[in-house]
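Architecture and fold: a report
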Amino acid sequence: MNVQLPLVVILGLLAWAVMRFLGVRPWAVVVIALFGFYLSDTFIAPVIDSGTRSGVDIVNDQHD
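What this report covers is the structure whose coordinates are included nearby. All values reported here derive from a predicted model rather than from experimental measurement.

Secondary structure assignment for the chain yields three helices and zero strands. The order of helices and strands in the chain, counted from the N terminus, is α-α-α. Its C-alpha atoms give the chain a radius of gyration of 14 Å, more than 25% over the compact-globule value 11 Å for 64 residues. Its C-alpha atoms give the chain principal-axis dimensions of about 40 × 35 × 15 Å. Taken over 64 residues, the chain has a buried fraction of 3%. Accessible surface computed for the chain: about 6,000 Å², of which carbon and sulfur atoms make up 69%.

The subject of this paragraph is the pattern of salt bridges. Tallied over the full model, the rule gives one salt bridge. In this structure, Asp-49 and Arg-53 form a salt bridge, with 3.2 Å as the shortest nitrogen-oxygen distance. With Asp-49 and Arg-53 both in helix H3 (residues 45–60) and four residues apart, the pair spans about one turn of that helix. Residue Arg-53 is classed as exposed on the basis of its relative accessible area, which comes to 54%.

Calculation notes
- Per chain, residues are indexed from 1 in the order of the written sequence.
- Local features in this predicted model are restricted to residues of pLDDT 70 or higher, and side-chain atom pairs are both shown and tallied only at a pLDDT of 80 or more, whereas totals for entire chains, interfaces and linings draw on every residue.
- Where side-chain values are given, they derive from all heavy atoms of the structure, hydrogens and water being excluded.
- Each helix corresponds to a stretch of at least 4 residues labelled H or I by DSSP, and each strand to a stretch of at least 2 residues labelled E; elements are numbered beginning at the N terminus.
- In this description the radius of gyration comes from C-alpha coordinates, and the expected globular size is given by 2.2 Å times residues to the power 0.38.
- Burial classes: relative accessible area under 20% of the type maximum marks a residue as buried, over 50% as exposed, and values in between as partly exposed (1.4 Å probe, protein chains only).
- Methods summary: accessible areas were calculated by the Shrake-Rupley approach with a probe of 1.4 Å, and residue burial reflects only the protein chains presented.
- Every case where a carboxyl oxygen of Asp or Glu lies within 4 Å of a side-chain nitrogen of Lys or Arg is listed as a salt bridge.

Below, the structure written as structure tokens:
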């Protein structure tokens, strides 16, 4: 069974849960998100992309 959810929804729920249950301030969540956008424009972006794709494949158990 596959469930199709946009990544934005998952990240939004994760951010809400972190703020709600761990007591992280909303400004810290915004700073972390902005830092992620900053990293996406650097030389390390391909490494982050491949690592994320590998993690998703492991979770979904899709081996090529």
